[in-house]
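Residue-level structure breakdown
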Amino acid sequence: MSKDYYEILGVPKGASKEELKKAFHKLAHKHHPDKNKGDDKKFKEVNEAYQTLSDDQKRAQYDRFGSAGPQGFNPGAGQGFGGFDFSGAQGGMEFDMGDLGDIFGDFFGGGMGRGGRQARRGRDISTEIDMSFEDSIFGVTRKILLSKQSKCDICKGSGGKPGAKMEACKTCNGNGQVREMKRSILGSFSSVRTCDACFGNGKLPTEKCTECHGKGVHNKQEEIEIKIPAGINAGEMVRMTGMGEAVQGGESGDLYIKINVKSHSVFKRDGLNLTMDLPIKLSDALLGTTYNLKTLEGNTIEVKIPEGINHGEFLRVKGKGVPSGHGRGDIILRVQIKMPSKISKKSRELIDELKKEGI
């Protein structure tokens, strides 16, 4: 019975090679027999589908004749993982893992990257800061004090006493890498990983740093300056590359700062615009007036209220909103006409006159 390779990979018939590869990576990770709850049968089926559809010639033949081929030929038969033919393999064999290291690093080499060199990276950390509404609009520079794993100031992360001589690492014989054999359902493979003793340097100091005791990092308080960009929204994150926790023989992680913005007594934000309610008297709505508006910068500008304005209408003050790379937004004022709760005898007489005039 013909198999539907597109359905097995979960992709449409017109899927690109990149889409096929992404689908294959995801399913292969999920069903790999070496993983908990892995499915050997499903894994082989996914591999067979990918080997066929990723090859232009085989894919064209499959699209025309199906998985059985024109004369019962199975395009996936005899093909091993990743395009290698294992049909004649006996015992262990050694070859460059290539993409296999990326796809199944957890099984072949413990998370190694290309070339077998395992990248070490410090832990990402996060924190939060509160800021005023004004600072979120115009941007600000803040300083925070964090306690985290940082590079040792004495040895600069080397772990060695300043001036100490370096000698070849005995674990890897100065190579910086350790070769080891791994077994899987596909056979035995030779893989290379970064040396855990020297972290790939191939050398170790003869004397350890007295400050960090040879670790290259230690916990300390560090003052960090953060530049908050203008126009940042509440809840957004600022990422500072390399400002997370340090690790010996690798790069530092990143620092993520969540921004909490305090509310403003007058303004609210709507994209690049600032909005506010503008309460005016009934007489001002009828006759018009001038309103003195205090901007976020602290300046006072005059806003003309036209006569006969209606409740709920909007007025716009251009260029006084949120800054951006393309200028600034506007201030939008929503007019709210305040109706008097009590009317004097004189006011009532005047209103009656207006009523007679049809107003």
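So, here is what we can say about the structure in this document. (Residues numbered from 1 in each chain as written. Predicted model: local features only at pLDDT ≥ 70, side-chain atom pairs only at ≥ 80, totals over all residues. Heavy atoms only, no water.)

Summing up its helical and strand segments, the protein chain has eight helices and 17 strands in all. Long-range pairs, those at least 24 residues apart, make up 62% of the contacts in the protein chain with a sequence separation of at least 6. Here the protein chain displays about 22000 Å² of accessible surface, and carbon together with sulfur accounts for 47% of that area. (Helix = DSSP H or I, 4+ residues; strand = E, 2+ residues; numbered from the N terminus. Contact = heavy atoms within 4.5 Å. Areas by Shrake-Rupley, 256 points an atom, 1.4 Å probe, with all protein chains shown as cover.)

Another aspect to go through is the pattern of salt bridges. Once their charged atoms are close, side chains differing in charge can pair, the charge on each being opposite to the other. For the structure shown, the criterion picks out 15 salt bridges. A salt bridge links D196 to R193, with the nearest nitrogen and oxygen atoms 3.2 Å apart. Through salt bridges with shared partners, a single ionic network connects R121, D124, R239, E251 and D254. (Salt bridge = Lys/Arg side-chain N within 4 Å of Asp/Glu carboxyl O.)

The subject of this paragraph is a nonpolar patch on the surface. Together, L282, L286, L287, M339, L354 and I359 make up an exposed nonpolar region whose accessible area comes to about 590 Å². In terms of residues, the nonpolar patch owes the most to one element, helix α7 (residues 282-287), which gives three residues. Looking at where M339 falls in the secondary structure, it is placed in the loop between β17 (331-338) and α8 (345-356). (Patch = residues over 30% accessible without salt bridge, like charges linked within 9 Å, V, L, I, M, F, W, Y side chains within 5 Å.)

To continue, consider unusual backbone geometry. The backbone phi angle of N173 is positive, close to 55°, even though this residue is not glycine. Inspection of the secondary structure puts N173 in the loop between β3 (166-168) and β4 (177-184). A positive phi angle is found at F199, which is not glycine, with a value near 55°. Looking at the secondary structure, you find F199 in the loop between β5 (187-194) and β6 (203-205).

A word on the nonpolar core. The biggest cluster of nonpolar side chains holds 21 residues, and the ones touching the most others in it are F267, L274, I280, L293 and L333. L9, F43, A49 and Y62 belong to the second largest nonpolar core, which has 17 residues in total. (Core = buried A, V, L, I, M, F, W, Y, C linked by side-chain atoms within 4.5 Å. Buried < 20%, exposed > 50% of the residue type's maximum accessible area, 1.4 Å probe, protein only.)

Okay, the sheet that holds strand β11 (residues 273-281) next. Spatially, β10-β11-β17-β14 is the arrangement adopted by the four strands of the open sheet, whose pairing is mixed. At either end of the open sheet lies a strand with only one pairing partner, and these are β10 (268-270) and β14 (314-317). Strand-to-strand twist of the sheet, defined as the mean angle between neighbouring strand axes without regard to direction, takes the value 35°. Alignment of β14 against β17, held across four bridges, turns out to be antiparallel. If you follow L315 over to β17, its bridge partner there is L333. (Pairing = 2+ DSSP bridges. Axes fitted to C-alpha atoms, helices over the stretch in contact; angles between N-to-C directions.)

Following the sequence through the fold, K42 ends up in helix α3 (residues 40-53). Spatially, the C-alpha atoms of K42 and K30 are 9.6 Å apart, while their sequence positions differ by 12 residues.

Turning our attention to the side chain of E48. Residue placement: E48 occurs in helix α3. At 2.4 Å, the side chain of E48 forms a polar contact with the side chain of Y5. (Polar contact = N/O pair within 3.5 Å; in protein donor to acceptor, adjacent residues only side chain to side chain.)

Attention now moves to helix α4 (residues 56-65). Measuring from the backbone nitrogen of Q57 back to the side-chain oxygen at the start of α4 gives 3.0 Å, which picks out D55 as the cap. Count one or two residues on from α4 and you reach G66, which has phi positive near 90°.

This part takes up the sheet that holds strand β1 (residues 125-131). The strand order β1-β9-β8 describes an open sheet built from three strands, whose pairing is mixed. Every other strand in the sheet has two partners, leaving β1 and β8 (237-240) as the edge strands with one partner each. Taken pair by pair, the neighbouring strands of this sheet meet at an average axis angle of 25°, ignoring direction.

Okay, the pairing of strand β13 (residues 300-305) next. Here β13 shows a clear split, with I301, V303 and I305 buried on one side and none of T300, E302 and K304 buried on the other. Where strand β12 (residues 289-294) lies against β13, six bridges are found, and the strand directions are antiparallel. Bridging from a neighbouring strand, T289 pairs with I305 of β13. Hairpin geometry of β12 and β13 is characterised by an intervening segment of five residues between the two adjacent antiparallel strands and by a positive phi of about 100° at G298.

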